[in-house]
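This is what each chain is made of:
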Protein chains: 2
Amino acid sequence: MRSVNIGIIGLGTVGGGVVRLIQRHHDDYVEHYGIDLQIKRACSRNDAEAKNLGIADIFTTNWQDVTSDPTIDIVIELIGGEHPATEIFEDSFAHGKHVVSANKALLGRHVEHLAKLANSHGVQIKCEAAAAGGIPVVSALEHDLVGNEILTIAGIMNGTTNYILSRMANEGLGFDEVLADAQRLGYAEADPTADVDGFDAASKIAILASIGFRTRVNTDDVFMQGIRNVSATDIEMARQFGYAIKLLAIARNTESGVDVRVHPTMIPATHQLASVSGAMNAVFIVGDAVGETMFYGAGAGSFPTASAVVGDVMSLADHIAHGKEIIPESEPFGHNLAIRDIADLETRYYIRLTVADKLGVLAETTKVLANDNISISDINQTKSEDNEACTLIYMTHAAKESDIEKARADLEALDSVKAVSSVIRIENIEAWNEGAFDN
Amino acid sequence: MRSVNIGIIGLGTVGGGVVRLIQRHHDDYVEHYGIDLQIKRACSRNDAEAKNLGIADIFTTNWQDVTSDPTIDIVIELIGGEHPATEIFEDSFAHGKHVVSANKALLGRHVEHLAKLANSHGVQIKCEAAAAGGIPVVSALEHDLVGNEILTIAGIMNGTTNYILSRMANEGLGFDEVLADAQRLGYAEADPTADVDGFDAASKIAILASIGFRTRVNTDDVFMQGIRNVSATDIEMARQFGYAIKLLAIARNTESGVDVRVHPTMIPATHQLASVSGAMNAVFIVGDAVGETMFYGAGAGSFPTASAVVGDVMSLADHIAHGKEIIPESEPFGHNLAIRDIADLETRYYIRLTVADKLGVLAETTKVLANDNISISDINQTKSEDNEACTLIYMTHAAKESDIEKARADLEALDSVKAVSSVIRIENIEAWNEGAFDN
């Protein structure tokens, strides 16, 4: 039996999990699949974790020792970031090695370059772990759902923000307070920017939309708005109107282009995504044939992410061990779909105004909204405790984002409006299924 | 480019969907994957559907015209049942053809024989459509989650019964009434036995447990109890106690063997499975590394099931079109785990008694339960409208199934007990995660 030789670069949370899973399953894989996985070389900044894992003998601090090792079949890249990850991919391909990676930041921006390069070297990139941790959504889009035109990919793809929003909703706390606690408990990083400002979710939806719609969606194409401005008041008001607020990543393949965005979103409190709590992830994939599907699980964490990495490794190893050729990475992007401007979005909105407590403010603000083509479905007015300002909530009928932006400026120009405190999109979830066949 | 040639046997609801999807995607598959799928031969009892689909020219009523056609690479078997489906598999293998099938009845009972035969002929069986319609759970177990030891597979795997239970819960109707309406609307078959008595779900959980635990689980190994005895009263009482009643298929890989069963189950009303309504399916898969995952979607229907069939066809076609060898079906069942007797189940129970409205009935019945080692957590007593009989509900602490069966007989022997009207298991869902790593 030919062994399948692995090199691993990055021995952090996920890397440690991968080594442990491969060690644990080694004999089982030999017995059940005839696959003898061998970790030949492991690279990290220092050897502390390699010692912990009992692999100090194959440790190096130089990643080129891994990518250039002629005995290695598969390189696992788990360092994240763009550099030297890009060079690790390139050098691995040049040496005829397949790459398994969890690097959403890199793949969300540079999958075109990397996939073309892999194709030209006859090797594959596998990136299940880059999209929703342990949940097999990349595999579903690449293989299982290939009988479908994919209409929508949407869901909760960032565990940190879902953890924060869940605690804000359950405990009535503010964003800053929960963030600080999440950092203390390890649910949020010391620098939480990539999570709370939406970049992490944007990278993931860019990867999934590129695969699902077979078109170029770059992270930089994704409209991105984080959760810093979501307040306890907004969450409570949403609850009163029958909604929950979640940070959703949404990609829709529409006739006017790819509608792709990450932002706090109001969804009906009875919707399945509303009950996804804590750090869990859930991804809806709607195909024209299969209809609505949902995939739920842990989007991060050592062993869940390692589970996805090992699944990718085994799919390559199955061929290598049995002497079967691997089909190279295909050319990416069969389509070249336009990306829709966020200004063209049409949906319902929640608008929270802080207004002076005086006569005529309702008349003034509703006049502005009407002038800007915005029709109102619900109004809620509450006095603040100091009796000096009121909170005025408008829920709109479907309106254009560009009109909402104009109305925001027009409202802010009114003397009676102290602030446009919050504008949150209400998602039209029924539209996710548009284009599915009747069954 | 070499075309990949398909023969299809069975042009019913699913077969028609498969032909339509392949016709629709043909050019797309050529362009994006370099795969030219050609339907070479189609078999059915009569040519009505073939004419509808525009494939009357390749129609036959003789399945051997398909299995023996030397130009055909892949046979799609969609006739269901054990015969002649078994012979179709066998003859296809003998002619070197791979088989894609949605036949849960056959695979739930005979996967061992068929997988060995496929292996010896160097071909594959693909059966994504046999387990949960369009939801890719077979693929997840076979490939994506291979870095895990699978601990639990459990969920709603039969759309007909979930539709019936959902309507009973929402409308307060009885089983017979909803069944008749479901038959009228096409949600239940004229002979609903396989669905409502649990056989369909038992076949699916047998297939999934065999793959997930890599052991032999036959449909006949599955403890099976349908929903005919679930009454509107039980559903209403469950609601009052904070539960929903669902027909669950459950397979747990425990230290004392495989616990595998299909029965009406009380689950907390807040659990995700409780909100799966209508004909939808949802499958929890718990792995030691990935933790809890859930896969949700349509478990039946023409296009959802066809989506799974086409996914399987394309995974084979990808290799055939590119001249790469396909790894043959592996020998099934690495393990040989014992099947746990239902008598050894320990869980909580809901017991509904119809009792005479007289003094001492509480004392008598609680004494029987205590004698049979059954400890009570909650009691609810309501008088019937005619004032002649009472409904007495006991919710138990964890008890042994064998003790419950003894208690049922002992209770029925009491003069004051008119009937043990209902006994429903309350699932310990926390136990599904037992054995998962901490993250």
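Residues numbered from 1 in each chain as written. Chains lettered and ligands numbered in written order. Predicted model: local features only at pLDDT ≥ 70, side-chain atom pairs only at ≥ 80, totals over all residues. Heavy atoms only, no water.

Under an unreviewed UniProt entry, chain A has the name Homoserine dehydrogenase and belongs to Slackia isoflavoniconvertens. According to the UniProt record, the Sequence similarities (unreviewed entry) comment for chain A reads "Belongs to the homoserine dehydrogenase family." (UniProt positions renumbered as here; feature names shortened; annotations may be inferred.)

What follows covers the overall build of chain A. When helices and strands are counted, chain A shows 15 helices and 17 strands. Taking 22 Å as the expected radius of gyration for a compact globule of 439 residues, we find that chain A reaches 24 Å, a close match to that expectation. A total of 439 residues make up chain A; the buried ones form 60% of that total. Counted over contacts in chain A with a minimum sequence separation of 6, partners at least 24 positions apart contribute 74%. (Helix = DSSP H or I, 4+ residues; strand = E, 2+ residues; numbered from the N terminus. Rg over C-alpha atoms; globule rule 2.2 N^0.38 Å. Buried < 20%, exposed > 50% of the residue type's maximum accessible area, 1.4 Å probe, protein only. Contact = heavy atoms within 4.5 Å.)

Here the focus is the pairing of strand β1 (residues 3-9) of chain A. Residues and elements named next belong to chain A. Burial analysis of β1 places seven of its seven residues in the buried class, which makes it a mostly covered element. Covered by surrounding structure in β1 are Ser3, Asn5, Gly7 and Ile9 together with Val4, Ile6 and Ile8, the residues of both alternating faces. Inspection of the sheet shows β1 paired to strand β2 (residues 36-43) by seven bridges, in the parallel sense. Paired with glycine 7 across the two strands is arginine 41, which belongs to β2. (Pairing = 2+ DSSP bridges.)

Residue and element names in this part refer to chain A. Backbone torsion omega between histidine 83 and proline 84 reads 5°, so that peptide bond is classified as cis. Although it is not a glycine, arginine 214 adopts a positive phi angle of roughly 50°. Considering the arrangement of structural elements, one finds arginine 214 in the loop between α11 (199-213) and β8 (223-224).

Turning next to the relation of the copies chain B and chain A. Superposition of chain B onto chain A requires a rotation of 180° combined with a translation of 0.0 Å along the rotation axis, giving an RMSD of 0.1 Å. When the rotation and shift are considered jointly, the pair of chain copies conforms to a two-fold rotation axis. Proximity to the rotation axis, assessed at the C-alpha, singles out Phe295(B) in chain B; its C-alpha lies 2.4 Å from the axis. Counting the interface residues of chain B, we find that 100% of their copies in chain A are interface residues as well, pointing to one common contact surface. (Least-squares fit on C-alpha atoms with pLDDT ≥ 70 in both.)

Here the focus is the packing of aromatic side chains. Within this structure, the stated rule accounts for eleven aromatic pairs over all chains. Ring geometry for Tyr29(A) versus Tyr33(A): centroids 6.0 Å apart, planes at 55°, classification tilted. Taken as a pair, Tyr29(A) and Tyr33(A) lie in helix α1 (residues 13-33) at a separation of four residues, close to a single helical turn. The class for Tyr33(A) is partly exposed, based on a relative accessible area of 21%. With centroids separated by 4.0 Å and ring planes inclined at 10°, the aromatic side chains of Tyr163(B) and Tyr187(B) adopt a geometry described as stacked. Placement of the pair is Tyr163(B) in helix α8 (residues 159-171) and Tyr187(B) in the loop between α9 (175-185) and α10 (193-196), with a sequence separation of 24 residues. Look at Tyr163(B) and you get buried, because its relative accessible area is 10%. Accessibility expressed as a relative area gives 40% for Tyr187(B), which makes it partly exposed. (Phe/Tyr/Trp six-rings, centres within 6.5 Å; stacked < 30°, edge-to-face > 60°.)

Once that is clear, we can look at the UniProt feature "binding site: L-homoserine" (unreviewed entry) in chain A. Residue and element names in this part refer to chain A. UniProt tags Glu189 as "binding site: L-homoserine" (unreviewed entry). Of note, glutamate 189 is situated in the loop between α9 (175-185) and α10 (193-196). For glutamate 189, a relative accessible area of 53% corresponds to the exposed category. In this view, glutamate 189 contacts Gln183 and Asp195; residues no more than four positions away in its chain are not counted.

Turning our eyes to something else, we now look at the UniProt feature "binding site: NADPH" (unreviewed entry) in chain A. Residue and element names in this part refer to chain A. With numbering matched to this structure, UniProt assigns "binding site: NADPH" (unreviewed entry) to Lys104. Summarising the element assignment, lysine 104 is placed in helix α5 (residues 104-121). The class for lysine 104 is partly exposed, based on a relative accessible area of 25%. Setting aside residues no more than four positions away along its own chain, lysine 104 makes contact with Ala130, Asp200, Ser203, Lys204 and Ile207.

Our focus in this paragraph is the nonpolar core. In terms of nonpolar packing, the biggest core is built from 135 residues, with Ile164(A) and Ile164(B) touching the most fellow members. Not counting chain neighbours up to four residues away, the residues in contact with Ile164(A) comprise Phe175(A), Val178(A), Leu179(A), Ala182(A), Val196(A) and Ile227(A). Of all hydrophobic cores here, the second largest spans 39 residues; its members include Ile6(A), Ile55(A), Val309(A) and Ala321(A). (Core = buried A, V, L, I, M, F, W, Y, C linked by side-chain atoms within 4.5 Å.)

For the rest of this paragraph, the subject is the packing of α8(B) against α9(B). All names here are of chain B. Here α8 crosses α9 at 125°, and the two axes come no closer than 9 Å. Between α8 and α9, the interaxial angle falls into the category oblique. At the point where α8 passes α9, the crossing takes the right-handed sense. Facing Tyr163, Ile164, Arg167 and Met168 of α8, the residues of α9 in contact are Phe175, Val178, Leu179, Asp181, Ala182 and Leu185. Tallied by class, the residues present in the contact of α8 with α9 amount to eight nonpolar, no polar and two charged. (Axes fitted to C-alpha atoms, helices over the stretch in contact; angles between N-to-C directions. Parallel < 35°, antiparallel > 145°, perpendicular 65-115°, else oblique. Left-handed = near helix turned anticlockwise from the far one by under 90°. Nonpolar A, V, L, I, M, F, W, Y, C, P; charged D, E, K, R; others polar.)

Quick look at the domain arrangement of chain A now. Where interface size is quoted, it is often the accessible area lost as the parts come together. Once the domains are mapped, chain A shows domain 1 (3-133 + 302-321), domain 2 (147-298) and domain 3 (342-425). For domain 1 of chain A versus domain 3 of chain A, the separation of C-alpha centres amounts to 51 Å. (Domains from an automatic or database assignment.)

A few words on the interface of chain B and chain A. On the chain A side, the residues contacting the 53 residues of chain B number 54 residues. For the pair chain B and chain A, the summed buried area comes to about 4,500 Å², and 55% of that belongs to carbon and sulfur atoms. On the chain B side of the interface with chain A, the three residues burying the most area are Tyr296(B), Lys324(B) and Ile327(B), jointly 13% of the side's total. Across the chain B-chain A interface, the total number found is eight salt bridges. (Buried area = accessible area lost by both parts, 1.4 Å probe. Salt bridge = Lys/Arg side-chain N within 4 Å of Asp/Glu carboxyl O.)

Its place among the elements puts Ile8(A) in strand β1. Leave out the neighbours within four places in its chain, and Ile8(A) touches Gly15(A), Val18(A), Val19(A), Ile39(A), Arg41(A), Ala42(A), Cys43(A), Val66(A), Ile76(A) and Leu78(A).

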